[in-house]
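What the coordinates show
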4 protein chains.
Amino acid sequence: MALTSDIKGVVPIAPTPFHEDGRVDDASVDRMTDFFLESGCDGITILGQLGEAPKLDHAESIAIAKRVIKRANVPIIVGATAPGFAAMRTLVRDVMELGAAGVMIGPPNTLRTDDQIVTYYRQAAEAIGSDVPFVLQDYPLTFTVVMTPAVIRRIVSENGACVVLKHEDWPGLEKITTLRGFERDGSMRPISILCGNGGLFLDFEMERGADGANTGYAFPEMLVDVVRLSAAGKRDEAHNLFDAHLPYLRYEQQQGPLGLAVRKYVLMRRGVLASEAQRKPALSLSAQARGEVDYLLSRIARVDKRAEIAG
Amino acid sequence: MALTSDIKGVVPIAPTPFHEDGRVDDASVDRMTDFFLESGCDGITILGQLGEAPKLDHAESIAIAKRVIKRANVPIIVGATAPGFAAMRTLVRDVMELGAAGVMIGPPNTLRTDDQIVTYYRQAAEAIGSDVPFVLQDYPLTFTVVMTPAVIRRIVSENGACVVLKHEDWPGLEKITTLRGFERDGSMRPISILCGNGGLFLDFEMERGADGANTGYAFPEMLVDVVRLSAAGKRDEAHNLFDAHLPYLRYEQQQGPLGLAVRKYVLMRRGVLASEAQRKPALSLSAQARGEVDYLLSRIARVDKRAEIAG
Amino acid sequence: MALTSDIKGVVPIAPTPFHEDGRVDDASVDRMTDFFLESGCDGITILGQLGEAPKLDHAESIAIAKRVIKRANVPIIVGATAPGFAAMRTLVRDVMELGAAGVMIGPPNTLRTDDQIVTYYRQAAEAIGSDVPFVLQDYPLTFTVVMTPAVIRRIVSENGACVVLKHEDWPGLEKITTLRGFERDGSMRPISILCGNGGLFLDFEMERGADGANTGYAFPEMLVDVVRLSAAGKRDEAHNLFDAHLPYLRYEQQQGPLGLAVRKYVLMRRGVLASEAQRKPALSLSAQARGEVDYLLSRIARVDKRAEIAG
Amino acid sequence: MALTSDIKGVVPIAPTPFHEDGRVDDASVDRMTDFFLESGCDGITILGQLGEAPKLDHAESIAIAKRVIKRANVPIIVGATAPGFAAMRTLVRDVMELGAAGVMIGPPNTLRTDDQIVTYYRQAAEAIGSDVPFVLQDYPLTFTVVMTPAVIRRIVSENGACVVLKHEDWPGLEKITTLRGFERDGSMRPISILCGNGGLFLDFEMERGADGANTGYAFPEMLVDVVRLSAAGKRDEAHNLFDAHLPYLRYEQQQGPLGLAVRKYVLMRRGVLASEAQRKPALSLSAQARGEVDYLLSRIARVDKRAEIAG
């Protein structure tokens, strides 16, 4: 099940479930996988930054990938961002053998010039094999690497295996419009554009031509519905649902370990994860923050029953 | 009318109105000043980053300050962030003589260690005069300078004239709680905490103990109401109003010149500014972006009539 | 006396002399100007970063420019790097009226992509007037902006007034070779390449095709001799002289206020400046550092008598 | 042979030898190990940044560590800087079992505040085991993390296993003096200070109280002699030797892959490495650069015969 530029819909970024003592929680991995599938997701991205990948050793990473790939009948994308090509190559080879659909690669934060960025992706593709489909992650807020539309076009043109853009530039709406323009004028091969950035602009990103979402929001069902409504041209309905979630979505989209803590807490409250535990370096929510999240969920629940959480 | 730590409420960050040909638009400056006062604001900050201050020469800056200070009967705070203490000293001396209530100082983006930050504010206070009240601007996203609560406490303790924190760290809710804890345990003199960051977390920032808002949202009346409702303990009402604005507020809070372009466009649509013109380097909204903003305003207007804009 | 791409030789970056109490020291400004001329310099750059320009107010800057321009019979280049085009335009207009030969512009440290850099210089040229000759400062270590040779070529091609590159990339030798290659293959108009970076690679930069030095080394006579010897093909003699100075030159090239403190100390010891005072934020040399500098000068003096300093 | 704070002298940072086709070159690993021992080195650091560690997979890293540890009768320090604690823990456990003397840990470039830096090292020490001796690497130029002397003192105080500082701040002489002052006034436990930064200030670092060098200069014999002469109080002799090497040492100390290319080239010319090959991303020297290096070596050879290289 290879990743192609035809992928559309919602591909959640999965957190990694841990037991309170720090061991990987296999039962929660399974439950989370089923949860994503039942939510209507079209793929799953595992071992991304949100997935605490740098806190897992190689054997653990492979075990998780194996488990999720075996259980799910949708494309599994594996985070392969790494400080060097050796670790990247090893991980990619192992997960592709297990049946991963493709990998996601973010840039090292030392890249500055256009040429450095293009060269990096050329070398990464050589390192992992030019036949391995990959997602180009464009996230300046985290990586401090700024890719113009023209640079993305160069990367897509040079690398046939670059089939998806994980778009999370901010501001980023005009970028989608520009890239779709490149496709229309024939200067760039069509790719799938899936949006990250916590879904903060998904409502308008869809209207600008995005193909879906690729982010870790704790209610993937909402993302699925918004993508569907938007694709069906039901603008007001899409925004109504999105706006009902936005106050909490914004809260979840706080950068760094706090955002992850919020997501794991809610997924635990929803019965998906057995524990909200993070591996170190970790951050746990204050009682006040938990109360804020509970309050926000209760407000969503007035409109969307799926946010009702049994106290 | 000196700025003190008693300031509460809403202090908008004012944009600078220009004519289409780039000249400062005095009539719009006056109209905007009146608009802020009629909206119930408790002060006005001019010549901040949002105010395109680096695009104004000294004479223009002084003329604007003079005009606003003369017209308004609330404290006027003047942005004084500068690459060197000479320009800072000159500007501060001139605007304080004109009757400014105080100044706002953000850190140069070269500061790294705790001591460097504390030293910078000590030297800045010496440069401008230790009797000039100042707002400490804590905005890591823009300045790349990270101030821990303990560093803020050191700055407040060393500088009697540091009376307000413009809080725009992100995530930042626990920071407010920690600072208020310092005040309660007697380790820090009480200061006013006014929140920026486009107001994106104002609903909860108020609940954590903030004194108000210090940001450039195009509907300051909403900020005024949320601050009032929250201070009165009317939690649901505060969130209801805030949430109605959030989809647009989020859109406006896009970083850099785009966010400013949105604000100027809406203030023009509201009849406050005669033109949405920015000085170079500038960015103008695409037709698609204008449509998105109009759509968002029409949705606010279902709940808050003040967002109704005559087509 | 307009700056052109024909400029060759040594153009020192001048410090700004202060009295102990912080006032500008006019007598030392004059003595320093004469010293540079007597040393055989081909121009002087004033009000650069080394010149503590951000610590000077506008009137002081203009007064210094006026004084030096009037006294010297060589092209005077004025540092015009600024956080906004308004201040840049004002300064440039005023110093060009006084007879400056041109200005030097470094990039703001927020620029990331190739296009952002090119656009910045286009807008800067529009702001100051397209007839004002300017030096493009390429100093990634300080500005965090990385310009590829292709970006420099785009800036040179777009802006007829860009006549000099202040080259201080590190490593940077291949960059000079590439740029000279662009000139040879006709893809770039010839420009003057003057080298900064404290002179740390001047020996080889000359051999790669540089036109001279544009840096603040405290013995400009040495730079003059090395440039002359190198241009005359006297390789070993050039290196012999350069190498005799290198241990001290390296010491002086320590980044930030320390390097400036060393230079001012030595210029004071040489009788050029009356005081080594810096304006705040300042750094003064420890006794140990002074001893190290004295020792290094005594070692140069074994080969180059000009480094002999009366105790 | 555990690493302790008693270590003194020269601990070279070893490159990783590759065959032309990219495989690790075991014979050269052995020859290089012997070369360091014969040069009088007191330890060897392997798998550092200079050692292209991110380009090696885990098995390769372990194989190299095993080989060097077995062959050498001096402490072997292994670079353990990693993007996450999982990879760090695995590597450290494996190399310590093989007999490594300790590990070296640099900070991730996302750390900003004093507390973040201190917390990171506390967590790293917990991750690898509080009994594993480690070298604290302080290299702001590469890591963009600035550690004040007070922060270093906090790290040393909290972590009994922090026994060496790899000092490569720039400027950095006063830092050594301050840290030795902390030791004298009893506020910090004595540690070994070994200097990196290519050796660019080793002459004065020794005079300020450093214990030796921990850097990859291609003539470790020179470092050994300078450390010995300096420790013996033979100041002029130490500087004479150091200065003879400085023109080349400066050339070698160019940042990034160029500096590594120069070192590998010279070690190949010296017969230590069979090839100068780097793994990708790699940089190869231009013919002009090779000529410059050869010229510089020929000039050292006038004073120090060890730099004579058979053409």
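Before reading further, recall that the structure is shown in the block above.
Rules behind the numbers
- Residues numbered from 1 in each chain as written.
- Chains lettered and ligands numbered in written order.
- Predicted model: local features only at pLDDT ≥ 70, side-chain atom pairs only at ≥ 80, totals over all residues.
- Heavy atoms only, no water.
- Axes fitted to C-alpha atoms, helices over the stretch in contact; angles between N-to-C directions.
- Helix = DSSP H or I, 4+ residues; strand = E, 2+ residues; numbered from the N terminus.
- Parallel < 35°, antiparallel > 145°, perpendicular 65-115°, else oblique.
- Left-handed = near helix turned anticlockwise from the far one by under 90°.
- Contact = heavy atoms within 4.5 Å.
- Buried area = accessible area lost by both parts, 1.4 Å probe.
- Salt bridge = Lys/Arg side-chain N within 4 Å of Asp/Glu carboxyl O.
- Polar contact = N/O pair within 3.5 Å; in protein donor to acceptor, adjacent residues only side chain to side chain.
- Nonpolar A, V, L, I, M, F, W, Y, C, P; charged D, E, K, R; others polar.
- Least-squares fit on C-alpha atoms with pLDDT ≥ 70 in both.
- Buried < 20%, exposed > 50% of the residue type's maximum accessible area, 1.4 Å probe, protein only.

On to the packing of helix α2 (residues 58-71) of chain B against helix α3 (residues 85-97) of chain B, then. All names here are of chain B. The contact between α2 and α3 brings their axes to 10 Å, and the two run at 30 degrees. Taken together, the axes of α2 and α3 lie roughly parallel to each other. For the element pair α2 and α3, the recorded crossing hand is right-handed. Residue-level contacts link His58, Ser61, Ile62, Ala65 and Ile69 of α2 to Thr90, Leu91, Asp94 and Val95 of α3.

Facing 15 residues of chain B, the contacting portion of chain C comprises 15 residues. Taken together, the two surfaces of chain B and chain C that pack against each other cover about 1,200 Å², and 55% of this comes from carbon and sulfur. The largest contributions to the chain B side of the interface with chain C come from B:Pro54, B:Ala86 and B:Lys280, which together make up 32% of the buried area. Remark: the boundary between chain B and chain C carries two salt bridges. Among the salt bridges present, the one from C:Lys280 reaches B:Glu126, with a minimum N-O distance of 2.8 Å. Inspection of the region where chain B meets chain C yields three residue pairs in polar contact (both at pLDDT 80 or more).

This next bit is on the interface of chain B and chain A. Between chain B and chain A, the contact holds 35 residues from the first and 35 residues from the second. For the pair chain B and chain A, the summed buried area comes to about 3,100 Å², and 58% of that belongs to carbon and sulfur atoms. Between B:Arg299 and A:Asp243 there is a salt bridge, and its shortest N-O distance comes to 3.1 Å. For the interface between chain B and chain A, the tally reads 14 residue pairs in polar contact (both at pLDDT 80 or more). Those elements that place two or more of their residues in the side of chain B that touches chain A are α7 (173-184), α8 (202-208), α10 (235-252) and α12 (287-301) of chain B. With 10 residues, α10(B) is the single largest residue contributor to the side of chain B that touches chain A. Taken together, the residues that form the side of chain B that touches chain A break down as 15 nonpolar, nine polar and 11 charged.

The two copies are related by a screw operation: chain B maps onto chain C through 180 degrees of rotation and 0.0 Å of translation along the axis, at an RMSD of 0.0 Å. A rotation of that kind, with that shift, is consistent with a two-fold axis. Residue B:Pro83 of chain B places its C-alpha closer to the rotation axis than any other residue of that unit, at 3.6 Å. Comparing interface residues between copies, 100% of those in chain B also lie at the interface in chain C; the contact surface is shared.

Our next topic: the environment of B:Gly209. All names here are of chain B. Among the structural elements, glycine 209 can be located in the loop between α8 and β8 (212-213). On the basis of relative accessible area, glycine 209 is assigned to the partly exposed category, the value being 25%. As for glycine 209 and arginine 180, which are separated by 29 residues in sequence, their C-alpha atoms are 7.0 Å apart. Not counting chain neighbours up to four residues away, the residues in contact with glycine 209 comprise Ile176 and Arg180.

Quick look at unusual backbone geometry now. All names here are of chain A. The amide bond that connects tryptophan 170 to the next residue, proline 171, takes the cis arrangement and shows omega of 0 degrees. You can see proline 171 is positioned in the loop between β6 (162-167) and α7 (173-184). The backbone of glutamate 52 shows a phi angle near 55 degrees, a positive value even though the residue is not glycine. By the secondary structure assignment, glutamate 52 is in the loop between β2 (44-46) and α2 (58-71). Glutamate 52 gets classed as buried once you look at its relative accessible area, which sits at 2%.

Before going further, it helps to examine the relation of the copies chain B and chain A. Each copy of the sequence occupies a distinct position, and chain B is placed on chain A by a rotation of 180 degrees and an axial shift of 0.0 Å, giving an RMSD of 0.0 Å. In this assembly the copies share their binding face: 100% of the residues contributing to the interface of chain B also contribute to that of chain A.

Residues and elements named next belong to chain D. For the structure on display, the rule yields 124 salt bridges over all chains. Notably, a salt bridge pairs aspartate 211 with lysine 8, separated by 2.9 Å at the nearest N-O pair. A residue pair is termed long-range when its members are at least 10 positions apart, and aspartate 211 in the loop between α8 (202-208) and β8 (212-213) and lysine 8 in the segment before β1 (9-10) qualify at 203 residues. In this structure lysine 8 comes out as exposed when scored by relative accessible area, which is 52%. Its salt-bridge partner being arginine 93, residue aspartate 94 comes within 3.2 Å of it at the nearest N-O pair. Taking the relative accessible area as the measure of exposure, aspartate 94 reaches 18% and is therefore buried.

A separate point is the environment of C:Ala161. All names here are of chain C. Mapped onto the fold, alanine 161 is located in the loop between α6 (149-158) and β6 (162-167). Taking the C-alpha atoms as reference points, alanine 161 and proline 133, separated by 28 residues in sequence, lie 4.5 Å from one another. Non-local contacts of alanine 161, meaning those with residues more than four positions away in its chain, are made with Ser130, Val132, Pro133 and Phe134.

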